[in-house]
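# Secondary and tertiary structure notes
These are the residues of each chain, in order.
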Amino acid sequence: GGIITQTPKFLIGQEGQKLTLKCQQNFNHDTMYWYRQDSGKGLRLIYYSITENDLQKGDLSEGYDASREKKSSFSLTVTSAQKNEMAVFLCASSSGDTQYFGPGTRLLVL
Amino acid sequence: GQQVQQSPASLVLQEGENAELQCNFSTSLNSMQWFYQRPGGSLVSLFYNPSGTKQSGRLTSTTVIKERRSSLHISSSQTTDSGTYLCAWRGSALGRLHFGAGTQLIVIP
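Residues numbered from 1 in each chain as written. Chains lettered and ligands numbered in written order. Predicted model: local features only at pLDDT ≥ 70, side-chain atom pairs only at ≥ 80, totals over all residues. Heavy atoms only, no water.

### Re the overall build of chain B
For the record, the criterion: Each helix corresponds to a stretch of at least 4 residues labelled H or I by DSSP, and each strand to a stretch of at least 2 residues labelled E; elements are numbered beginning at the N terminus. Atoms counted for the radius of gyration: C-alpha only. Globule rule: 2.2 Å times the number of residues to the power 0.38.
A tally of helices and strands in chain B yields zero helices and eleven strands. Traced from its N-terminal end to its C-terminal end, chain B shows the element sequence β-β-β-β-β-β-β-β-β-β-β. Against the globule reference of 13 Å for 109 residues, chain B gives a C-alpha radius of gyration of 13 Å, in line with a compact fold. By principal-axis analysis of the C-alpha atoms, chain B measures approximately 40 × 25 × 20 Å.

Here it is, written out as structure tokens:
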């Protein structure tokens, strides 16, 4: 088995601030994903990466940057936090058909 | 437009009752997956079910590709079944997952 860890668990930021979320997996999976989940809504794909140093834009990439410097880690940066923004950011990895998810980072922007 | 419709959006059951959750797709699908999310928790894969019927304990998933639909049946619901159930699908073998909005299930004792 393996595990996906996300840090931090909770993130409180200020409007306009640049915020970075980190994700680590020890499954040795090739593909990693970042999703955003708003209350009462499904997951929307922000960025994904099929291998180290690869980046692919999802449906919601505007306002975000991502980095895949190692196979095991995938980071996401909110380039300029929006006031009153509140969402959960979920990281996932896969090797084949099934995706495995991390516990999430809960973001609140004051 | 929205490519997957999950229904119902929310459901309240008395413990012991059965539940039927649906996903209907407006486009052809290659495979689909059901996930469970506990309140405030992460997603856990319940079924990878590209076609046919799969069962795991009290849960049964049925996917009919040509009809572009999938269902999740929960029998004899328990309070611990409460949470959000999400379906996700792929349009092609190497395509990425697209998620429905989810069904929020509350099971009361």
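Now, onward.
### What about the sheet that holds strand β3 (residues 19-25) of chain B?
Either a parallel or an antiparallel arrangement is found when strands of a sheet pair, and the pairing is made through backbone hydrogen bonds. Residue and element names in this part refer to chain B. The line we're drawing: Pairing between strands requires that DSSP locate at least two bridges from one strand to the other. Each axis is a line fitted through C-alpha atoms, and for a helix only the stretch in contact is used; angles between axes span 0 to 180 degrees, taken between their N-to-C directions.
If you walk across this open sheet you meet the five strands as β1-β3-β8-β7-β6, and the pairing is antiparallel. The two strands at the open ends of the sheet, each matched to only one other strand, are β1 (4-7) and β6 (52-56). Direction aside, neighbouring strands of the sheet carry axes that sit 10° apart on average. Two strands pair when backbone bridges link them, and strand β7 (residues 59-64) and strand β8 (residues 69-74) are joined in this way by six bridges, in the antiparallel orientation. The partner of threonine 60 across the bridge, within β8, is histidine 73.

### What to know about the side chain of Arg68(A)
Residue and element names in this part refer to chain A. Which entries qualify depends on this criterion: Whether a residue is buried, partly exposed or exposed follows from its accessible area with a 1.4 Å probe, protein chains only, as a fraction of its type maximum: under 20%, in between, or over 50%, in that order. None of His or the chain ends enter the tally, which takes Lys and Arg as positive and Asp and Glu as negative. A pairing counts as a salt bridge when a side-chain nitrogen of Lys or Arg comes within 4 Å of a carboxyl oxygen of Asp or Glu. Think of a polar contact as two N or O atoms within 3.5 Å of one another; within protein, one of them needs to be a possible hydrogen donor and the other a possible acceptor, and neighboring residues in sequence only count if both atoms come from side chains.
Relative to the helices and strands, arginine 68 resides in strand β7 (residues 64-70). Despite being buried, arginine 68 has no salt bridge partner; aspartate 30 is the closest side chain of opposite charge, sitting 6.2 Å away. Of note is the side chain of arginine 68, whose polar atom sits 3.3 Å from the backbone oxygen of lysine 70.

### Examining the interface of chain A and chain B
As a reminder of what qualifies: Residues are treated as being in contact if the distance between any of their heavy atoms lies within 4.5 Å. The term buried area denotes the loss of accessible surface (1.4 Å probe radius) that occurs when two parts are joined, taken as the sum for both partners.
Across the boundary between the two partners, chain A contributes 20 residues, which contact 16 residues of chain B. Interface area lost by chain A to chain B is led by Leu43(A), Asp97(A) and Phe101(A), which between them contribute 34%. One can count zero salt bridges joining chain A with chain B. Of all elements in the fold, only β4 (31-37), β5 (43-49) and β10 (99-101) of chain A reach the threshold of two or more residues within the side of chain A that touches chain B. Looking at which element gives the most residues to the side of chain A that touches chain B, the answer is β5(A), with three residues.

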